[in-house]
Amino acid sequence: MSKQYISLLESALKIYSPSNSEKDISNFLFNTMKDLGFNNIRIDSADNVIGEIGSGNPTLLLCGHMDTVPGELDVKSSNGTLSGRGSVDAKSSLISMILAASSFCNNLPVGRVVVAAVTNEEGNGSGIREFLNSDIMPDFAIFGEPSGIEKITIGYKGRLSIKIICNTPSVHASAPWMSKNAIEELYLIWNHIKNIFKTEDSTRYKQVTTCVTKIVGGSADNVMPGTCELTCDVRFPYKYDVNKILDKIQIIINEKNINSSNSSYSLEILDSTPAFEASKSSLISRALGRSIIHHLDIKPQFVHKTGTGDMNVLGNSLQIPVVTYGPGNPHLSHTSDENISIDEFLMSIEIYKTAITNLIHLYGQN
């Protein structure tokens, strides 16, 4: 079976599937679930693939994303690893969950397992948002992302994406004293924003962090820029009020508008995703933790990450316990060195399988 499992992952990796180009991998996963014996398999309007096993309670959702960041990589096996775009983030987790769930096709004693392969996680999250429009109401969920085989992710920071726009009278570059430079103005605002969110807290998960991700400005090499747009990514910890961030930035912009007669400044919110954190004592945390202990003979590490993912959307929308787990070194995500240990991939299948059994047992005790 191990060779078949590895071959399936290798086939998935060979299908290049950056966000918004997932049709081929979607069809591949549909046929894979069909061949493995899933029930009620369907592809929704976002090209998500959903398959089910069993019926009744509890309902466990195993959710992973099929898309990758752009940039094709050769798929090759070497020294016990399999490399290729998506090998870490996150096709190995997704294929592992599909294979683990399929082992219960004919022998799930009670409950239901739903596997959802969603699209556009690396983009705007349209896949998971479309999935939430379905009538599936799980009691627990595991989202497949690389955590490392011995770690369980229970917290992700929230994300705020904003755009700040500056408009000033445009003048000839030879007379810079006649107006304000829109690019320079936004640079000053950006420095102010960085300073107000500086913190002495050494724990990065608890910090508010800011990062400029795009600057668009200027029209010609001999014209002072009259318009500039600055896009900023802000990450914030669990239970942090996002309105505090917006209020502080808005105060800066309001002050600029008050003190500038010929220039205007505005703030636009592009996206906002709340932070999410699961309890280490939830049934799904315990079920997965006990599985790791059983297979690896070590206590799992419960970790928090500074990123933001579909776990945030799932957990906050459904108000259920959600954890993130999957094989692979998360630091290899999005890199040209993306590769997965084959042994770790195979072990993750067994850990998912035992976690399903553990959850059913723990749920029955409650």
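Quick notes on the rules
- Residues numbered from 1 in each chain as written.
- Predicted model: local features only at pLDDT ≥ 70, side-chain atom pairs only at ≥ 80, totals over all residues.
- Heavy atoms only, no water.
- Helix = DSSP H or I, 4+ residues; strand = E, 2+ residues; numbered from the N terminus.
- Buried < 20%, exposed > 50% of the residue type's maximum accessible area, 1.4 Å probe, protein only.
- Contact = heavy atoms within 4.5 Å.
- Areas by Shrake-Rupley, 256 points an atom, 1.4 Å probe, with all protein chains shown as cover.
- Lys, Arg positive; Asp, Glu negative; His and termini not counted.
- Charge placed at Lys NZ, Arg CZ, Asp CG, Glu CD.
- Expected span 1.5 Å × (residues − 1).
- Arc of directions from axis to C-beta.
- Pairing = 2+ DSSP bridges.
- Core = buried A, V, L, I, M, F, W, Y, C linked by side-chain atoms within 4.5 Å.
- Axes fitted to C-alpha atoms, helices over the stretch in contact; angles between N-to-C directions.

## As for the overall build of the protein
Right, so step 1: Check the secondary structure of the protein and you find nine helices and 16 strands.
Right, so step 2: By principal-axis analysis of the C-alpha atoms, the protein measures approximately 75 × 45 × 40 Å.
Right, so step 3: Burial analysis of the protein (366 residues in total) assigns 52% to the buried set.
Right, so step 4: Long-range contacts, defined as pairs at least 24 residues apart, comprise 79% of the intrachain contacts of the protein with a sequence gap of at least 6.
Right, so step 5: Of the roughly 16700 Å² of accessible surface on the protein, a fraction of 47% belongs to carbon and sulfur atoms.
Right, so step 6: Side-chain charges in the protein split into 31 positive and 38 negative, and the spacing between the mean points of these groups amounts to 5 Å.

## Some thoughts on unusual backbone geometry
Right, so step 1: For the peptide bond that leads from Asn-57 to Pro-58, omega is 0°, which places it in the cis range.
Right, so step 2: Locating Pro-58 in the fold gives a position in the loop between strand E2 (49–55) and strand E3 (59–65).
Right, so step 3: We note that Asp-47 has phi near 70°; this positive angle belongs to a residue other than glycine.
Right, so step 4: If you check the backbone angles, Lys-239 has positive phi at about 70° while not being a glycine.
Right, so step 5: Here Lys-239 falls in the exposed class, since its relative accessible area comes to 75%.

## Quick word on helix H2 (residues 23–36)
Right, so step 1: The end-to-end C-alpha separation of H2 is 20 Å, in line with the 20 Å expected for 14 residues at 1.5 Å each.
Right, so step 2: Turning to H2, its buried residues are Ile-25, Ser-26, Phe-28, Leu-29, Thr-32 and Met-33. For H2, the arc enclosing every buried residue in end-on projection is 160°, short of the 170-degree limit, so these residues lie on one face. Exposed and oriented more than 90 degrees from the buried face of H2 are Asp-24, Lys-34 and Asp-35.
Right, so step 3: Contacts from the buried residues of H2 go to helix H1 (2–13), strand E1 (39–43), E2, helix H3 (91–102) and strand E6 (111–118).
Right, so step 4: With its phi angle positive at about 100°, Gly-37 sits one or two positions after the end of H2.

## Some words on the pairing of strand E11 (residues 227–236)
Right, so step 1: Burial runs high along E11: eight of the 10 residues are buried.
Right, so step 2: Note: strand E9 (residues 158–167) against E11, 10 bridges, orientation antiparallel. Bridged to Ile-162 within E11 is Cys-232.
Right, so step 3: In terms of strand pairing, strand E10 (residues 209–217) meets E11 through eight bridges, oriented antiparallel.

## Some thoughts on the nonpolar core
One recurring pattern in soluble globular proteins: nonpolar side chains tend to sit buried together.
Right, so step 1: Within the largest apolar cluster, 75 residues are counted, with the highest numbers of intra-cluster contacts made by Leu-29, Leu-62, Ile-95, Leu-314, Tyr-325 and Phe-345.
Right, so step 2: The element that contributes the greatest number of residues to this core is helix H9 (residues 342–365), accounting for 11 residues.
Right, so step 3: In terms of nonpolar packing, the next biggest core, distinct from the first, is built from 23 residues, Leu-230, Phe-236, Val-242 and Ile-253 among them.

## Some details on the sheet that holds strand E5 (residues 81–83)
Right, so step 1: Taking strand neighbours across the sheet as the criterion, the three strands line up as E4-E5-E16 in an open arrangement whose pairing is antiparallel. Across the chains shown, the open sheet's two edge strands, defined by having one partner strand only, are strand E4 (76–78) and strand E16 (339–341). Taken over all neighbouring pairs, the strand axes of this sheet differ in orientation by 25° on average, direction set aside.
Right, so step 2: Here E4 runs beside E5; their pairing, made up of three bridges, is antiparallel. Bridge pairing in E5 links Lys-76 to Ser-83.
Right, so step 3: Its contacts with the sheet place H1 against E5 and E16, and it is angled at close to 20° to E5.

## Looking at the environment of Gly-307
Right, so step 1: Here Gly-307 shows up in the loop between strand E14 (301–305) and helix H8 (310–318).
Right, so step 2: Overall, the relative accessible area of 24% leaves Gly-307 in the partly exposed class.
Right, so step 3: Placed 94 residues apart in sequence, Gly-307 and Thr-213 show a C-alpha to C-alpha distance of 15 Å.
Right, so step 4: Residue contacts for Gly-307: discarding those within four places in its chain leaves Tyr-156, Lys-157 and Arg-235.

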